[in-house]
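# Secondary and tertiary structure notes
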Amino acid sequence: MRVEEPVKPGLRMECADGRRLVLVQGSVPVLFARQRATHYGVHYARTGRYASPLAPLRAERARAFAEFAEPGSEEWTARWAAHAGTELRAATLGPLHEGEWRLGPDANRWFVEANWSKLLAHDPDRGHLTWFGYGDPVEDARDLLPLRALSPVDAPRVRAYRRQYREGVLPPVFAWWISGLNSPVVLDGHDRLTAALAEGGRPGVLLLSRAVDAAWVALCAAPPVRAYEERVAALGDRPDAASRVAYESRGLADTLRSLVASPDTTRAWPFPGGVPAWEAAAASYVPGWSPDADR
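For clarity, every value in this text was computed on a predicted model and none was experimentally measured.

Within the protein, the regular secondary structure consists of nine helices and 11 strands. Relative to the 2.2 N^0.38 estimate, which gives 19 Å for 295 residues, the radius of gyration of the protein is 21 Å and therefore close to what a compact globule would have. Along the longest, intermediate and shortest principal axes, the C-alpha atoms of the protein span 70 × 45 × 40 Å. With the model as given, the accessible surface of the protein reaches about 14400 Å², and the carbon-plus-sulfur share is 54%. Between the centroid of the 36 positive side chains of the protein and the centroid of its 36 negative side chains there is a distance of 4 Å.

Printed below as a string of structure tokens:
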């Protein structure tokens, strides 16, 4: 989707030297982070100030969307993506800024099945995300970062969403891919996330990201297209050539879809005042937090 404004969004990443990051909503920091010098992960600290830029979802809307299309289907997913897109365009404290954006399912298979169960058991306000599966420690290998503490599984709103999950009408979680964190964060749906996990299931997730440009897609698509053409040409008059071509075509289509859906780099603005101001803000909002970036 094309967004014309604003130039600087209400919810944005800001950065300072030394791999220092901060997610700001309005003028309030909601997440401090510092990348490890070894590039094995990122240390973070939530401030408890985050508020979803989307209006609360009512059960009537969830059931109406389920009546419109089978939950989990392409039509159902597209309807929820359109709803979230409309809400985000109108939000003054959301992440959209001028440019091309994508909001849709996880086309690049980011989420690892084994990591879902770690969220309820291990989601500290001050913690660490492991990158690239190094698992140091294993519970830090998580694929989704909530921007506020998850509610108890028996909280009233969570209980209501657990009922929706059992009914098969639970709306998806809306997440935003942030390249500096190498992770999506939960934009909206913290309680829906908790509900699905508490029921032993997995939430539907729609990922928001900046869209990659056509030139990048064409550059990355050239090698797999050439390889596809060579494999198809090598089939010749084999008896199974038709079925092999169909198989190769499906594989190429999946590859191209993944390229188109790849998230572009998240834009970050300079943090006013640089490192000294970042250090002072971190000391004020998350006192005592001292990330060891070389851990």
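Next, the rest of the story.
Attention shifts here to the sheet that holds strand E8 (residues 173–178). What the five strands build is an open sheet, ordered E1-E6-E10-E8-E9; its pairing is mixed. Edge positions in the sheet fall to strand E1 (2–3) and strand E9 (183–188), since each of these pairs with one other strand and no more. Of the strand pairs in this sheet, E8 and strand E10 (residues 205–210) are connected by four bridges, and their pairing is parallel. Across the sheet, residue Val173 finds its bridge partner in E10, namely Val205.

Along the chain, Thr77 falls in helix H2 (residues 74–90). Setting aside anything within four residues of it in sequence, one finds Thr77 in contact with Gly72, Pro105 and Leu206.

Here we come to H2. Compared with the 24 Å implied by 1.5 Å per residue over 17 residues, the 24 Å span of H2 between its first and last C-alpha is a close match. Listed as buried for H2 are Trp76, Thr77, Trp80, Ala81, His83, Ala84, Gly85 and Leu88. At its buried positions, H2 is contacted by helix H1 (59–68), strand E6 (99–104), E8, E9 and E10.

Turning to the pairing of strand E5 (residues 41–46), a few remarks are in order. In terms of burial, E5 is largely enclosed, as six of its six residues are buried. Both faces of E5 are covered, namely the face carrying Gly41, His43 and Ala45 and the face carrying Val42, Tyr44 and Arg46. In this structure, strand E4 (residues 28–35) lies alongside E5, joined through five bridges in antiparallel fashion. Bridge pairing links Leu31 to Arg46 in E5.

Moving on to the side chain of Ser183. Following the sequence through the fold, Ser183 ends up in strand E9. Leaving out residues up to four positions away in the same chain, Ser183 has contacts with Trp110, Leu129, Asp143, Leu144, Leu145, Trp176, Trp177 and Ile178.

Time to look at the packing of H1 against H2. For the pair H1 and H2, the least separation of the axes is 9 Å and the interaxial angle reads 140 degrees. Judged by the inter-axis angle, H1 sits oblique to H2. As H1 packs across H2, the resulting crossing turns out to be right-handed. Residue-level inspection shows Arg61, Ala62, Phe65, Ala66 and Phe68 of H1 in contact with H2, the latter providing Glu75, Trp76, Arg79, Trp80 and His83.

For the rest of this paragraph, the subject is unusual backbone geometry. Between Glu5 and Pro6 the backbone carries a cis peptide bond, its omega angle lying at 5 degrees. Along the chain, Pro6 falls in the loop between E1 and strand E2 (11–16). We note that Arg19 has phi near 65 degrees; this positive angle belongs to a residue other than glycine. Checked against the element boundaries, Arg19 lands in the loop between E2 and strand E3 (20–25). Since its relative accessible area comes to 27%, Arg19 is described here as partly exposed. Notably, Asn182 is not glycine yet its phi reads approximately 50 degrees, a positive angle.

The strand order across the open sheet built from six strands is E7-E5-E4-E3-E2-E11, with neighbouring strands paired in mixed fashion. Sheet topology places strand E7 (126–130) and strand E11 (268–270) at the edges, where each strand pairs with a single neighbour. Taken over all neighbouring pairs, the strand axes of this sheet differ in orientation by 30 degrees on average, direction set aside. Helix-sheet contacts for helix H9 (residues 274–285) involve E2, E3 and E4, and the interaxial angle to E4 is about 115 degrees.

Basis of the calculations
- Residues numbered from 1 in each chain as written.
- Predicted model: local features only at pLDDT ≥ 70, side-chain atom pairs only at ≥ 80, totals over all residues.
- Heavy atoms only, no water.
- Helix = DSSP H or I, 4+ residues; strand = E, 2+ residues; numbered from the N terminus.
- Rg over C-alpha atoms; globule rule 2.2 N^0.38 Å.
- Areas by Shrake-Rupley, 256 points an atom, 1.4 Å probe, with all protein chains shown as cover.
- Lys, Arg positive; Asp, Glu negative; His and termini not counted.
- Charge placed at Lys NZ, Arg CZ, Asp CG, Glu CD.
- Pairing = 2+ DSSP bridges.
- Contact = heavy atoms within 4.5 Å.
- Expected span 1.5 Å × (residues − 1).
- Buried < 20%, exposed > 50% of the residue type's maximum accessible area, 1.4 Å probe, protein only.
- Axes fitted to C-alpha atoms, helices over the stretch in contact; angles between N-to-C directions.
- Parallel < 35°, antiparallel > 145°, perpendicular 65-115°, else oblique.
- Left-handed = near helix turned anticlockwise from the far one by under 90°.

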